[in-house]
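Remarks on the overall topology
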Amino acid sequence: MSKINSKEPLVITEDLGKVFGDFIALQPLNVKVFAGEFFGVFGPNGAGKSTFIRLLTGQLQASTGSAEVLGINVGKMPQRLKANIGIVPESESPPSYLTPYEYLYFIGRLRRLDDLSNKVLYWLDWFGMTEKRDTMCKDLSKGQRQKVMLACAFIHEPRLLFLDEPFANLDPIYQRKCRTWLLEHVENGGTIFMCSHVLEVAERLCTRLAIIDHGSVLASGKISEIKITKDETLEDVFIRLVGNSVEEEE
């Protein structure tokens, strides 16, 4: 992947919001993510993170506003968008009655990849899944199913990756291995939009981030920009911004 213009916005939202009946899942948001960034969205459970990423990837229709990703209007052309990005949903598993090899091969055929069999075998080996290549996905562990979903998102090395809690169910070895690959992907010109509630991930990976709660952005920017003092940790920032609302709910 070639180096790309770091000033080019790949994700642009204008008053993007989502309402389910009387429940406001996401307040109207205006966000830009630029090429070459590792952008993270962090917040407590139920903050609106998954709703945000599902709107940006065409899995949900917006109630207000619009989103443009890779120059594509998400609301009008969701299928075209999905063909050009990689997605790891928060709680989705590969089809139960396909094997890891079959599912990766199927994804590769959809994406019209060359040398597909070798690519599939490479990623199965990369994730330590060679011995499980012919096992039905229903018989895999949660961690193994997560590896299959990550491999499906990585296999075509997309320009833009959307990751929702990508390290869930992975053991520490593969968490580190995936973090390394993601950082190298960004260094080589890729862009990543990730949702998580693990603050350690932000400090290790993100070039910019947004902290959200109750569907609203409470702070955004580089980690150094959202701290009040140099001694303040990201955990301190998170508790300062989010802690009061969590305590009120309790």
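Right, let's walk through the structure included here. Not measured: the values here are computed from a predicted model. (Residues numbered from 1 in each chain as written. Predicted model: local features only at pLDDT ≥ 70, side-chain atom pairs only at ≥ 80, totals over all residues. Heavy atoms only, no water.)

Right, let's get into the overall build of the protein chain. If you tally the helices and strands in the protein chain, you get nine helices and eleven strands. Projected onto the principal axes, the alpha-carbon positions of the protein chain cover approximately 50 × 40 × 40 Å. The 250 residues of the protein chain split such that 49% are buried. In the protein chain, the proportion of contacts linking residues at least 24 apart, taken out of those at least 6 apart, comes to 68%. (Helix = DSSP H or I, 4+ residues; strand = E, 2+ residues; numbered from the N terminus. Buried < 20%, exposed > 50% of the residue type's maximum accessible area, 1.4 Å probe, protein only. Contact = heavy atoms within 4.5 Å.)

Glancing now at the pairing of strand E9 (residues 191-196). Each regular strand displays side chains that alternate between the two surfaces of the sheet. Across the six residues that make up E9, a large majority, six, are buried. On E9, burial covers both faces: Thr191, Phe193 and Cys195 on one face and Ile192, Met194 and Ser196 on the other are all buried. When strand E4 (residues 38-42) meets E9, the two strands line up parallel, connected through five bridges. Paired with Phe42 across the bridge in E9 is Ser196. Bridge analysis of strand E8 (residues 160-164) against E9 gives five bridges, and the strand direction is parallel. Considered in E9, the bridge of Leu160 is made with Thr191. With helix H6 (residues 172-187) bridging E8 and the parallel E9, this β-α-β connection has right-handed handedness. (Pairing = 2+ DSSP bridges. Right-handed = clockwise from strand over helix to strand, strands pointing away.)

Let us look at the sheet that holds E9. Spatially, the six strands line up as an open sheet ordered E7-E8-E9-E4-E10-E11, and their pairing is mixed. A single partner strand is all that each edge strand has here, and the edge strands are strand E7 (86-88) and strand E11 (216-221). Direction aside, neighbouring strands of the sheet carry axes that sit 15° apart on average. Where strand E10 (residues 208-213) and E11 come together, five bridges link them in antiparallel fashion. Opposite Leu209, over in E11, you have Gly221 as the bridge partner. Relative to E7, helix H5 (residues 142-154) is tilted by about 165°, and along the sheet it contacts E7 and E8. Of the strands in this sheet, E4, E8 and E9 touch H6, which is tilted by about 150° from E8. (Axes fitted to C-alpha atoms, helices over the stretch in contact; angles between N-to-C directions.)

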